[in-house]
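A look at the structure
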Amino acid sequence: MDDATRTFDRHRPRLKGIAYRMLGSVAEAEDAVQDAWLRWHEAPQHTLDNAEAWLVTVTTRLALDRLRSAQRQREHYVGTWLPEPMVEADADGPATPEAIVERADTLSVAFLAVLERLAPDARAAFLLREVFDVDYAEVAATLGKSEAACRQLVHRAKAAVQEGRPRFTVARERQMALLRSFADASARGDLQGLKALLAEDVALIGDGGGKVPSFGRPLVGGQRVAQLYFAVARRHAGALKLVVAEVNGAPGLLRYVGGVLESVQAFEWEGGRIARIHAQRNPDKLARIAAEFPA
């Protein structure tokens, strides 16, 4: 392996992290990083003062171009758009406290859904500065704007993100215990058990992408959401399997029906109850996960 490849591989996780948070798609993020690699391979590397800064700038610009194109396409998306989940097999696996906080705060489906409300430049400025700790001079150079303009972008983006975040947090160990109870109640069709774990104003947000049935708008209310999970358990008795997994850095569920991955579900918690469920059901966004985690 040559020096150029070693340098790029050292920064690859950071570059993929930027691209995924920008685009909400694993495949799109990997394509952006691959494009950055091609440009890196062609660049006069001996003239670069800071390889990492160069790679971050190029990757961000490539992701920006893709995001602008994607946003035009999402204007015609059927139903609610949710990001493609990132799934790890073991939600109980070892992780440092710092890694858990970083993932939970800046990788969650809820966080990415809030980012989706931001304009592309604001999203890039916020991520570079607040998540990846890039200084304002570099942010400005990347976006082709003044530092003052970038500060304004970040300031407004921070306010929007803060407004969209959960009001209360629940410790990870408590999340795991509650989620296992929810999975058990879902599998058994325990209506009262489900209602006890759902906030009265819980919202279920589904993304079917026009490929499978899903709600065009959030389904709101503990009774209604509990009845839906109860109905699924009754309809698919004996064919339903729920697996706790790491979904975007937090405990989530993979739901299989008849051995086929039907949805990946991410959760927000408030006061020890589920406040919001993000259910990714679009088969296109589940294909990679289904291949990696067969029932």
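Given the structure is predicted, the values throughout are model-derived calculations rather than measurements. (Residues numbered from 1 in each chain as written. Predicted model: local features only at pLDDT ≥ 70, side-chain atom pairs only at ≥ 80, totals over all residues. Heavy atoms only, no water.)

A few words on the overall build of the protein chain. Within the protein chain, the regular secondary structure consists of 12 helices and seven strands. For a compact globule of 295 residues, the expected C-alpha radius of gyration is about 19 Å, and the protein chain comes in at 20 Å, within 12% of that figure. A principal-axis box enclosing the C-alpha atoms of the protein chain has dimensions of 65 × 40 × 40 Å. Residue burial in the protein chain is summarised as follows: out of 295 residues, 49% are buried. Within the protein chain, counting contacts between residues at least 6 apart in sequence, those at least 24 apart form 65% of the total. Counting only carbon and sulfur atoms, one obtains 51% of the accessible surface of the protein chain, whose full area is about 14300 Å². Charge separation in the protein chain, taken as the distance between the mean sites of 39 positive and 39 negative side-chain charges, equals 6 Å. (Helix = DSSP H or I, 4+ residues; strand = E, 2+ residues; numbered from the N terminus. Rg over C-alpha atoms; globule rule 2.2 N^0.38 Å. Buried < 20%, exposed > 50% of the residue type's maximum accessible area, 1.4 Å probe, protein only. Contact = heavy atoms within 4.5 Å. Areas by Shrake-Rupley, 256 points an atom, 1.4 Å probe, with all protein chains shown as cover. Lys, Arg positive; Asp, Glu negative; His and termini not counted. Charge placed at Lys NZ, Arg CZ, Asp CG, Glu CD.)

What follows concerns helix 11 (residues 222-235). Its 14 residues place the ends of helix 11 20 Å apart at the C-alpha level, agreeing with the 20 Å of an ideal helix rising 1.5 Å per residue. Listed in full, the buried residues belonging to helix 11 are Gly222, Val225, Ala226, Tyr229, Val232 and Ala233. Seen along its axis, helix 11 keeps its buried residues to an arc of 120°; they face one direction. Every exposed residue of helix 11 that faces more than 90 degrees away from the buried side is listed here: Arg234 and Arg235. (Expected span 1.5 Å × (residues − 1). Arc of directions from axis to C-beta.)

Another aspect to go through is the packing of helix 3 (residues 51-74) against helix 6 (residues 120-131). The N-to-C vectors of helix 3 and helix 6 enclose an angle of 145°; their axes lie 10 Å apart at closest approach. For the pair helix 3 and helix 6, the sense of crossing is right-handed. From helix 3, Val56, Thr60, Leu64, Leu67, Arg68 and Gln71 reach across to helix 6, where they touch Pro120, Asp121, Arg123, Ala124 and Leu128. When the residues that make up the contact of helix 3 with helix 6 are grouped by side-chain class, the tally is six nonpolar, two polar and three charged. (Axes fitted to C-alpha atoms, helices over the stretch in contact; angles between N-to-C directions. Left-handed = near helix turned anticlockwise from the far one by under 90°. Nonpolar A, V, L, I, M, F, W, Y, C, P; charged D, E, K, R; others polar.)

The seven strands lie next to each other as 1-4-5-6-7-2-3, forming an open sheet whose pairing is mixed. Of all the strands in the sheet, the pair left with one neighbour each is strand 1 (87-88) and strand 3 (219-220). Sheet topology note: the strand 1/strand 4 (residues 240-247) ladder contains two bridges and is antiparallel. Across the sheet, residue Glu88 finds its bridge partner in strand 4, namely Glu246. Strands in contact with helix 9 (residues 172-188) are strand 2 (198-207), strand 4, strand 5 (250-257), strand 6 (260-270) and strand 7 (273-280); relative to strand 5, the strand with the most contacts, it is inclined by about 15°. Helix-sheet contacts for helix 11 involve strand 2, strand 3, strand 4, strand 5, strand 6 and strand 7, and the interaxial angle to strand 2 is about 55°. (Pairing = 2+ DSSP bridges.)

Along the chain, Gly272 turns up in the loop between strand 6 and strand 7. A relative accessible area of 18% means that Gly272 is categorised as buried. A sequence separation of 46 residues divides Gly272 from Ala226, and the C-alpha atoms of the two residues are 16 Å apart. Here Gly272 is in contact with Val170 and Leu178, once residues within four sequence places are set aside.

Below, the discussion takes up unusual backbone geometry. Positive phi values are uncommon outside glycine, yet Asp133 reaches one of about 55°. When you line up the elements, Asp133 lands in the loop between helix 6 and helix 7 (136-143). One non-glycine residue, Asn248, lies in positive phi territory at about 50°. Among the structural elements, Asn248 can be located in the loop between strand 4 and strand 5.

With respect to the element layout, Ala43 can be found in the loop between helix 2 (26-42) and helix 3. For the pair formed by Ala43 and Pro218, sequence separation is 175 residues and the distance between their alpha carbons is 47 Å.

With that settled, consider the confidence of the model for the protein chain. Overall, the predicted model of the protein chain reaches an average pLDDT of 90, with 93% of residues at or above 70. Note on residues 93-102: pLDDT is under 50 here. Beyond four places in sequence and across chains, it has five contacts. (pLDDT = per-residue confidence, 0-100.)

All right, on to the pattern of salt bridges then. Throughout the structure, instances matching the rule amount to 21 salt bridges. The residue Glu116 makes a salt bridge to Arg123 at a minimum N-O spacing of 2.9 Å. In terms of burial, Glu116 and Arg123 fall into one category: buried. Arg188 is the salt-bridge partner of Asp184, the closest N and O atoms lying 2.9 Å from each other. You can see Asp184 and its partner Arg188 sitting in helix 9, four residues apart, about one turn around the helix. Exposure remark for Asp184: the relative accessible area of 38% places this residue in the partly exposed category. Here Arg188 falls in the exposed class, since its relative accessible area comes to 52%. (Salt bridge = Lys/Arg side-chain N within 4 Å of Asp/Glu carboxyl O.)

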